[in-house]
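Residue-level listing of the chains:
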Amino acid sequence: MADTTAGADGDQVFRLTYRSRLRVPPHDRKAELGAIFSTARSKNTKSGITGALLVWEDQVVQTLEGDETAVRELYDVIERDPRHDRVEMLGTGTAARVFGRWSMARVTEDGEPDIPLLMNKDKGGISPAAPRPTTAEQDAALDAMREQIRG
Ligand SMILES: Cc1cc2nc3c(=O)[nH]c(=O)nc-3n(C[C@H](O)[C@H](O)[C@H](O)COP(=O)(O)O)c2cc1C
């Protein structure tokens with residue numbers, strides 16, 4: 001499910017992170033997020049894009065990584081999507097690909113996440129068993145995204 005051939009961890013890629021506010025009503029959220037992930041995974045695989053999408057209450061933070069032109073083109077499409085608003089770019093840069101395993105990792109509190117959204121993760125303690133372990137680089141990227149989602 002989460003596997004992708006889009007690229008390998010460690011490749012130098014362009015990375016873009018933004019935040020937004022989900023406008024989908026709570027009772028439609030599960031189905032709508034399912035549709036977003038389904039589209040994202042099939043389209044991102046074709047364009048060599050990988051990343052992670054964090055959803056916490058109505059807050060969204062997404063990281064996209066891949067070829068700069070492909071990532072910027074996708075961001076232009078996502079930015080106009082009426083399912084969210086207040087889309088705000090948080091940063092861009094070149095970095096080693098960290099989400100190579102995921103055409104789009106799902107990081108949420110529910111909806112069968114690839115990576116559980118542990119907002120109060122005790123870094124010194126023992127983490128609950130993850131379905132598949134994350135790498136130190138992924139944990140660092142996800143920690144930054146968790147900080148950003150809190151505003
Ligand atoms: C929060 C959010 C994240 C999204 N992430 C992606 C993504 O990673 N890849 C993608 O192709 N579409 C993503 N979409 C959907 C796009 O905005 C757009 O609906 C889709 O790419 C259109 O595909 P289509 O024209 O082939 O139907 C996202 C939408 C939202 C609201």
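Reading the values: the criteria
- Residues numbered from 1 in each chain as written.
- Predicted model: local features only at pLDDT ≥ 70, side-chain atom pairs only at ≥ 80, totals over all residues.
- Heavy atoms only, no water.
- Helix = DSSP H or I, 4+ residues; strand = E, 2+ residues; numbered from the N terminus.
- Patch = residues over 30% accessible without salt bridge, like charges linked within 9 Å, V, L, I, M, F, W, Y side chains within 5 Å.
- Areas by Shrake-Rupley, 256 points an atom, 1.4 Å probe, with all protein chains shown as cover.
- Salt bridge = Lys/Arg side-chain N within 4 Å of Asp/Glu carboxyl O.
- Lys, Arg positive; Asp, Glu negative; His and termini not counted.
- Charge placed at Lys NZ, Arg CZ, Asp CG, Glu CD.
- Buried < 20%, exposed > 50% of the residue type's maximum accessible area, 1.4 Å probe, protein only.
- Near = heavy atom within 4 Å.
- Polar contact = N/O pair within 3.5 Å; in protein donor to acceptor, adjacent residues only side chain to side chain.
- Nonpolar A, V, L, I, M, F, W, Y, C, P; charged D, E, K, R; others polar.

Under an unreviewed UniProt entry, the protein has the name BLUF domain-containing protein and belongs to Actinomycetospora corticicola.

Chemist: How would you sum up unusual backbone geometry? Please name residues and give values.
Modeler: One non-glycine residue, E57, lies in the positive phi region at around 55 degrees. Considering the arrangement of structural elements, one finds E57 in the loop between β2 (50-56) and β3 (59-66). Phi is positive for R86, close to 50 degrees, though the residue is something other than glycine. Tracing the backbone through its elements, the reader meets R86 in strand β4 (residues 84-96).

Chemist: Tell me about a negative patch on the surface, residues and numbers included.
Modeler: Where like charges cluster on the molecular surface, the negative patch consists of D67, E73, D76 and E79. The topology assignment puts D67 in the loop between β3 and α2 (68-79). Overall, the relative accessible area of 48% leaves D67 in the partly exposed class.

Chemist: Please set out the site of the ligand residue by residue, giving values where relevant.
Modeler: In the neighbourhood of the ligand, 15 residues make up the surrounding shell, with K43, N44, Q62, D81 and R83 lying closest. Taking R83, its side chain carries an N or O atom lying 3.1 Å from an oxygen atom of the ligand. Here the ligand loses 77% of its free accessible area of 620 Å² to cover by the protein chains. Among the elements of the structure, α1 (26-47), β3 and α2 are those that each provide at least two residues to the shell around the ligand. Broken down by element, the shell around the ligand gets its largest block of residues, five residues, from α1. Among the residues making up the shell around the ligand, the classes are represented as eight nonpolar, four polar and three charged.

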